[in-house]
Each structure stands twice: as structure tokens, then as C-alpha cells.
Amino acid sequence: WADEAAYRATCEKLAGMYARNWTKYEADPFMAALSGAGPGGDAVAGYKIKQATNFVTSHKGCERNMAYDDMREEVLARGEGKVVENDTILVDTGKFTGRCPKDRYIVDSGEAHKNVDWGDVNIPIKESTFNKVFDCCAERLWGLEKVYVFDGFVGSSKKSRRAVRVVTELAWHHHFCTNMFIRPTEEELESFVPEITIINSKATFSEWKEHGLRSETCVAVDMDRGLGVVTGTQYSGEMKKGAFSMMNYLLPLQGIMSMHCSATVGPAGDTAIFFGLSGTGKTTLSADTTRYLIGDDEHGWDEDGVFNLEGGCYAKMIDLNPVKEPLIHAAIRRDAILENVVVDAEGKCDYKDGSRTENTRGSYPMWHIPNHEPTGKAGHAKNVIFLTCDAFGVLPPVSKLTTEQALYHLVSGYTAKVAGTEMGVTEPTATFSTCFGGAFMPLPPKRYAELFRSKIEQHNVNVYLVNTGWTGGAYGVGKRMDIVATRAIVSAILDGSIEQAELSAPDEYFQLRFPTALGQIDPAVLDPRKAWADEAAYRATCEKLAGMYARNWTKYEADPFMAALSGAGPRTERVVQ
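My aim in this report is to walk through the structure given alongside it, one point at a time. (Residues numbered from 1 in each chain as written. Predicted model: local features only at pLDDT ≥ 70, side-chain atom pairs only at ≥ 80, totals over all residues. Heavy atoms only, no water.)

**Concerning the sheet that holds strand 2 (residues 82–84)**
The 5 strands are arranged 2-3-17-18-16 in an open sheet whose pairing can be described as mixed. Strands with a single pairing partner mark the edges of an open sheet, and in this sheet they are strand 2 and strand 16 (312–316). Ignoring which end each strand starts from, the neighbouring axes of this sheet average 30° apart. In this sheet, strand 17 (residues 337–339) lies alongside strand 3 (residues 88–91) in parallel orientation, the contact comprising 3 bridges. Paired with Leu 90 across the two strands is Leu 338, which belongs to strand 17. Running over the sheet, helix 8 (residues 171–180) touches strand 3, strand 16, strand 17 and strand 18 (361–365) and is turned about 115° from strand 17. (Pairing = 2+ DSSP bridges. Helix = DSSP H or I, 4+ residues; strand = E, 2+ residues; numbered from the N terminus. Axes fitted to C-alpha atoms, helices over the stretch in contact; angles between N-to-C directions. Contact = heavy atoms within 4.5 Å.)

**Digging into the sheet that holds strand 1 (residues 62–64)**
Sheets are built from strands that pair by backbone hydrogen bonding, the pairs being arranged parallel or antiparallel. One open sheet holds the 8 strands; their spatial order is 1-6-7-8-10-9-4-5, and the pairing between them is mixed. Single-partner strands in this sheet number two, and they are strand 1 and strand 5 (123–125). Between one strand and the next, the sheet's axes are offset by a mean angle of 25°, whatever the strand orientation. With 5 bridges connecting them, strand 8 (residues 196–201) and strand 10 (residues 227–231) associate as parallel partners. What sits directly across from Ile 198, in strand 10, is Gly 228. In the packing of helix 10 (residues 237–253) onto the sheet, the strands contacted are strand 4 (104–107), strand 6 (147–154), strand 7 (162–168), strand 8, strand 9 (218–222) and strand 10, and the crossing angle to strand 8 comes to about 155°.

**Points about the pairing of strand 14 (residues 298–301)**
With burial as the criterion, each face of strand 14 is covered, one bearing Glu 298 and Gly 300 and the other bearing His 299 and Trp 301. Where strand 11 (residues 257–265) and strand 14 come together, 4 bridges link them in antiparallel fashion. Its bridge partner being in strand 14, Met 257 is matched across the sheet by Trp 301. For strand 14 and strand 15 (residues 306–308), the ladder comprises 3 bridges, and the chain directions are antiparallel. By the bridge assignment, Gly 300 is partnered in strand 15 with Phe 307. Where strand 14 hands over to strand 15, the hairpin turn is made up of 4 residues, of which Gly 305 adopts a positive phi near 140°. (Buried < 20%, exposed > 50% of the residue type's maximum accessible area, 1.4 Å probe, protein only.)

**Describing the pattern of salt bridges**
Under the criterion given, the structure shown has 30 salt bridges. With a shortest N-O distance of 2.7 Å, Arg 356 and Asp 92 are connected by a salt bridge. In this pair, Arg 356 is assigned in the loop between strand 17 and strand 18 and Asp 92 in the loop between strand 3 and strand 4, connecting sequence segments 264 residues apart. Between Asp 270 and Arg 291 there is a salt bridge; the shortest N-O distance is 2.9 Å. In this pair, Asp 270 is assigned in the loop between strand 11 and strand 12 (271–275) and Arg 291 in the loop between helix 11 (282–286) and strand 13 (292–295), connecting sequence segments 21 residues apart. Per residue, the accessibility class of Asp 270 equals that of Arg 291, and both read buried. (Salt bridge = Lys/Arg side-chain N within 4 Å of Asp/Glu carboxyl O.)

**Things to note about the packing of aromatic side chains**
Following the criterion strictly, the structure yields 22 aromatic pairs and no others. Seen from their ring centres, Phe 244 and Phe 440 are 5.9 Å apart, and the 40° between their planes marks the pair as tilted. Of this pair, Phe 244 sits in helix 10 while Phe 440 sits in the loop between strand 23 (429–432) and helix 14 (445–459); the two residues are 196 residues apart in sequence, bridging distant segments of the chain. Since its relative accessible area comes to 0%, Phe 244 is described here as buried. According to the relative accessible area criterion, Phe 440 is buried, its value standing at 3%. An angle of 45° between the planes, with centres 5.4 Å apart, marks the rings of Tyr 414 and Phe 432 as tilted. Linking Tyr 414 in strand 22 (residues 414–417) with Phe 432 in strand 23, this pair joins segments that are 18 residues apart in sequence. Aromatic ring contacts, followed pair by pair, group Tyr 408, Tyr 414, Phe 432, Phe 510, Tyr 549, Trp 553 and Tyr 556 into a single cluster. The aromatic ring of Phe 440 is capped on one face by Lys 241, whose charged end is 4.3 Å from the ring centroid. Taking the ring centre of Tyr 314 as reference, the NZ or CZ of Arg 361 above it sits at 4.9 Å. (Phe/Tyr/Trp six-rings, centres within 6.5 Å; stacked < 30°, edge-to-face > 60°. Lys NZ or Arg CZ within 6 Å of the ring centre and 35° of its normal.)

Read these as layout, nothing more, since geometry by itself doesn't imply function.
Okay, here's the thing in C-alpha cells:
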């Protein structure tokens, strides 16, 4: 051959044909043992991966970047959804109505082997196993009459954005990706080359036991090759979180902070960031008519400022109220997609009904929020708010943090898993999730903490801990913080009036300082001790939670940087061992 590159490509093509033909024999041990005498596995895997990322030019039934009206017709014609109130499409996600964190894997190879913080959250998978799952998913897609390809971007900053391709079996998944990722211009589409490719089909990986997986459901990413695969679940959030996990790996390695947060910017250009796990109020509190929405879930922070990674919003629908959440309620209209919401015979949504799942969802493009920031970017943050859903009811509604406390609470990421966001969670359960998004943070916590420290120090950032959970008692005894009071607290942070408030002395358990008075908010609410009728129960619960913080932190103390932050947490003499 005169052209070696063409020779190699053709070898991979023929090797792949051999390998696909041999799959029909592999159920028999004798025949399976002969597979090693065929074409080399690396060449075959390489060919199959290349083919799987090339649906646009190779699949005769490929629908690429469909228009909204065309997607709507496709979803309805295929029976994947139905029209409900406000001309919105409603779909059902099937068996899984939330993420499957125990079925989430990262390929353990190449640079990722040394960079990823391996453990119970970031579970390793062999590259060979990933290739088999990826091929299983791709084979199903190749066998379909029609597949859907969305090409777009993750990241509003052109300096660091990644071109993402998502190939799906379901038309409504294509609609979801069109809502959630950043849509390209016609010119960008013409020259589009994917840097991240995620494929999603109904394929079932039957060999999961042999390869050491937990179940036939597999959500896996390969950081080095920029690949992702989703099988065994139709929950749409897995696609966006797969891309987010990759960005949380890639951006910090470039010195850019990545964050599980919402962000807004005021008329004067003041940027605010809201960290928090699903259900803690990120989306609700960032839907503010007096400010511009940058984004509701995933952001980066570079030398120019804060930027959104997405092109839409994915909001919880449970208990959606047009009075308390008018912007989100108004966003649920044509071109939005509702997931698992209960409706009556006339198609009217009952957002209070959690009988199908507490994790009812709605995705919609950013322009459904009238006061969105069209560039998806703003300047450096002035205020950062950590939203925690304290199921024990002992943290103040708001506390101002020192730099060390900010790093400690960022890494701790204490909150409660709110019902429905993960399979099997039916009531709030205390948890610690690194950076308020541990399920999507592949790197060691120190990497994110160091970047955050640099941002606080460079830009003189105010950091607050805001409890959107319980007050006057733990879950089952106390009551949930009123959203109106929480909004008043957030408003005081954003307009700067909280800076004029007198702060308490550090409390005896968590060393937190909170305002003794703030606007029209009841002072008894601001001080959690006063909100409890039973002081002995309050103290016992404080000691219990302080102990949980301390025990969680022990896993970080081998690193000197992290060990030095332990003094910013609960007082150890108050900890119940």
C-alpha cells in the first residue's frame, strides 16, 4: 500500500467484520476460546468505536439536529410521549426514574488511571469491558431503522468548550439533548467534529456478571477517548451528567474550576453562584425575576468569569407552584418535556402527586426563562451560596463562612439526599457529597478546593451556608424551611444588606456565625437553638451531626492541605464518637 493510513483503516474495517461475524459463536466455550486466534482485539475495538461515532455519515436512517416542531411530531408519532397542558410533551422514563449511581463507571486506563479519585463513587471499569458495552449499545443502534444524533457543545466559553455528539434510540432523548446542550450555528454544524461522543440505546448487556458489573444497567465514560455509553435505563439525566462528569475532569486539569451550581447575574454585573445537590433549591432560587439566569446546574469559572456548561434547564417538578416559582412554572410550555408527572384524564398536571416518583422533572431550553443571560457568561462571582438540605434541623438558615470554612464545607458537601433523585431514596437521608456533587466529581477533592481558594482570594468572594432543610426539629418533627424566608435571606445576600447585620459568636458545635437579626425574618428562626422546643434534643442532635462531619473528614486527613482544614469544621471536643 502506498498510503499506510488507508491500509490501517481498511485493516480495522475488515477486522471488525470478522469479529462481528464471530459473535454468533461465542456462547459455546469451545468456540469462544478460538476467538483469540482471530483479528487483534485492539484493532477490532478501535474500528467499532470509530464506526459508532460516525452515525451521521454512515447510518441511512440518521436524523441529525432536528427542528423543534419535527422532534415533537416524531415523539408523538412513535408513541414515546403525549401532549398535556400548556402544549407540553409528557414522557415516562420506565423502570428508572432517577440516576443509577452504583451502575456508573469510569474507564481505568491512560491518564485517567493516575488522575481519577477511585472509590465507591468513581468505580473503575476495564477498557476491554467498556468496549464490549459500547459495542453492544452501538450494534443495537446500527440495527435500527432510525437513530437520532444531536451535535452541539458543552460550555459557553469558546476557550474551553467541547464538541459533544449524543446518539440516541429514542426521539424524546434527542429532544432532551436539544433542550439541554448548547445548540450550534449552521456554520458550526457544517464543520462539526465531536470531541465527546455519548451513545444511548435500549440495549441490554447480558454479560454483566462475567465482567464484574453490578447489573445489566451500565452508565460509563472513558475520559481519555471522550466516550460515554448509557444502557439499561431511559432516565435522560444520565446523558447530561455523563458530559458534565467529563467536563469536571477536563476543566480542572486546565486550571478552570468546574461546579455543580446555578448562577445568576444582577443588573449591575454582580454574579452569584448557588452550589447544591438536586432538590436543595439551585434551580428554584436562581429563577429570580430581578436578575439574569446564567444557568441552573453546571458551570465553569475561568480567568474571565463564570460560564454555563448547558443550553437549558432540568428542573424538579414536584410541588411546582406558580406563585412560589412563577418563572419555572411558565417555562413548562411547548418545546418543554415533562418526565413522570401524573396527569388527569384531561391532561392537567398534578405536580403535588409523587406516586410515580418524587423526582418528576421538566427540561426546557434556556430561552423559556425570559430573563436568561443569552451569552451564558458573566463576570467573576461576588457571592457564593452553599445550599444544604439539613435533615437534622440544627444548622442555621444562613451563616457567613471564613475562607477555611468555605473550603471545609465545599469538600464536605453535607446535605440530605432528597427523595427521588436516586433510585431507592424515598425520604431525606443525611449524606456528604464532595463539592455538593460528588457523583460527578472524578478528581480528588483537593483539586477543586485549591481552585476555589484561588478564586476566593483573587476576587474577595463572600461565601454563605444556607440551610433549605428543616428547622425546629429533625425530619419528621420539625418543618421544612419556608421558601419565602429562604428567598428573603438570599435577597439580603445579593443586595449586600446582610453585610450590615450583626453576626453571632461562633456556635459551640459547628463554629458557624449567623445574623442575629435580618430584615423581617423572625430572629427565632435565624438561631436554630431557639427554634427547637426541646433544648436537650437539640444538643443531642447537634452532637450527632457534628460527629458525622468529623467522621466523614477522616478520609481526607492523610493530605496535609486537607488536614489543615479540619479545624474549620465542628469542634472535635463536641463530637460524639
